[in-house]
Structures are given as C-alpha cells and as structure tokens.
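Listed below are the residues making up each chain.
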Amino acid sequence: MNQLFWQTISDAPRDLVMLHGWGLNAEVWRSVETRLASHFRLHLVDLPGYGRSQAYSAMSLTDMADIVWQQAPVNALWLGWSLGGLVASRIVLDHPAQVAGLITVASSPRFSADGDWPGIKPEVLKAFEHQLSADFQKTIERFLALQTLGTDSARRDARVLKSVILNQPMPTVEVLNAGLEILRIDDLREELSQLQLPFLRLYGYLDGLVPRKIASQLDKAWPHTHSVIMRNAAHAPFISHPDEFVEVLTNFASDIGW
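This one's a predicted model, so the numbers in the text were calculated from it and none came from an experiment.

How should the packing of aromatic side chains be read in this particular structure?
The description of an aromatic ring pair rests on the distance of the ring centres and on the angle between the ring planes. Within the structure shown, the criterion is met by nine aromatic pairs. Both rings, one in W22 and one in F143, keep their centres 4.7 Å apart while their planes meet at 65°; by these two values the pair is edge-to-face. With W22 in the loop between strand 2 (15-19) and helix 1 (30-37) and F143 in helix 5 (residues 136-148), the pair connects residues that are 121 residues apart, well separated along the chain. A relative accessible area of 3% means that W22 is categorised as buried. Here the aromatic rings of F128 and F143 are separated by 5.4 Å at their centres, their planes lie at 85°, and the arrangement is edge-to-face. You can see F128 sitting in helix 4 (residues 122-134) and its partner F143 sitting in helix 5, a full 15 residues away along the chain. Residue class for F128 comes out buried when judged on its relative accessible area of 4%. For F143, a relative accessible area of 5% gives the class buried. Site record: aromatic cluster; members linked through ring pairs are W29, W81, F238 and F245. Its guanidinium or amino end placed over the ring of W117, R189 lies 4.9 Å from that ring's centre, counting from NZ or CZ. The ring of Y205 has R231 lying over it, and the distance from NZ or CZ to the ring centre is 3.9 Å.

Each value, and the rule that gives it
- Residues numbered from 1 in each chain as written.
- Predicted model: local features only at pLDDT ≥ 70, side-chain atom pairs only at ≥ 80, totals over all residues.
- Heavy atoms only, no water.
- Phe/Tyr/Trp six-rings, centres within 6.5 Å; stacked < 30°, edge-to-face > 60°.
- Helix = DSSP H or I, 4+ residues; strand = E, 2+ residues; numbered from the N terminus.
- Buried < 20%, exposed > 50% of the residue type's maximum accessible area, 1.4 Å probe, protein only.
- Lys NZ or Arg CZ within 6 Å of the ring centre and 35° of its normal.

Everything listed is a geometric property; what it means functionally is a separate question.
Next comes the structure, spelled out in structure tokens:
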C-alpha cells in the first residue's frame, strides 16, 4: 500500500491541514509551524509523489485530492499554497459538509492566463516541462528564484526553499510535469464561485506567478469570499513575513468563529 507522509503537530482543538506547492514538500511550513501550533492542530502533508510521499506516480488534480482526503480529519480548515491551493480547493469542493473552510495562499483557481484573466502564459508552463527533462536542477532553481523575486529577503527566502527541496527526496520529472500540467489546464473558477463556506484568499503584492490583480477580479466575482494582499510579500509570504502571515490566518479563524 502506498504511504502518504502526514505529520500531526499540537493538541489544539481545531484542525488545520496545510498543503505545499509545486516541487516542494511539507518542510516549507517550518517557518510558521511553532507560531501556528499554539492556535491549531497542524496536519503537514507531502502531496502524492512529492517529498516523503514518493510511492505515488504522476496523477491528476482529482486523484491527488482523493488520496489526501483519505487521511483527513473531519471539520478541518484547509490551507493550500500555490499548487496546493488547487488541491485544497478540489477537496473542499468535493466534501463541503465535512470541512470548516478554505484558505488559499498565493494561489489561483486558474494559473494559466486566459483572455482577460491574468496568470502565467500557458506556453511558459509548457516550456518548464521541456526544461525539466533537459536540466532538472537548473529548472527547479529558476522556479524557486521566481517565487521570491522582488522581496527584501529574496536571496534568503530562495535559500530556504532550496533547502526544503534538498533535505527531502526529490519528485520525479514525471510527477513535476504532471503538476505543471495541472497548473496549465485546470480551472476551478466556476465551481468555486458556488462555494458557500468561509474562504480566505491570501496574496503577495510582489508575486510574479499569481498577479495581485486576480484578487480584485475575484473580489467582484466572489463577493462571499475575503482577500488579503500582503504588501511586501511575493509568492512565499509565510517565509518572508511569517508573523504577518500567522496574524492573517488567526484573524480569519477568529472572524468566522472557528
């Protein structure tokens, strides 16, 4: 039987499941783990095929969400960063009566640019797939640099992300390409517009991968949701600004009475 890496921290009464982004693993949350553990029982997961969940092969967004859900606590708040935001969204959409709410961090219901929808050009994501096969290490490092670009602590933040990758087993090229394909083709805009659960969208003002203008577009399209833009952060706000990040999360939990 395949084994999903799942670590539970703290004995706080409220469950918060945290899903990482493309190429990384649950170690990315260590910068906020201690701060959050005083408020929530944390569930840190390596997505299927990533980090210590090596036994899984490349898969679709739905299959990934189904595997993660099998070990999930009931009535948890789900938080997903970047690609993890899509996985968390899929889970919440599929099990609305068994979850407390959704938090997406530097994420988008559709990562690819589409007409007047801001995002990453599909051909850029496709190019990353080709580059992975040609120069695996260089492509990963380039992607990490893009995630921290523009912040005052960009170099330090990139080193933190790189150490997260190097200290755990690396995903295969096939798993990474499948993740890029999810970012390129999946679109949850219509489904999430119908979601009636508490929903926080957190963005970095300097994010070069998920443009901040997405926030205002979704504020209009999804008036039932709440957005926060962290002024000095880029794509990894929990690494560059951990205190502010934790404050946003705990305020949201308090606001929804959870």
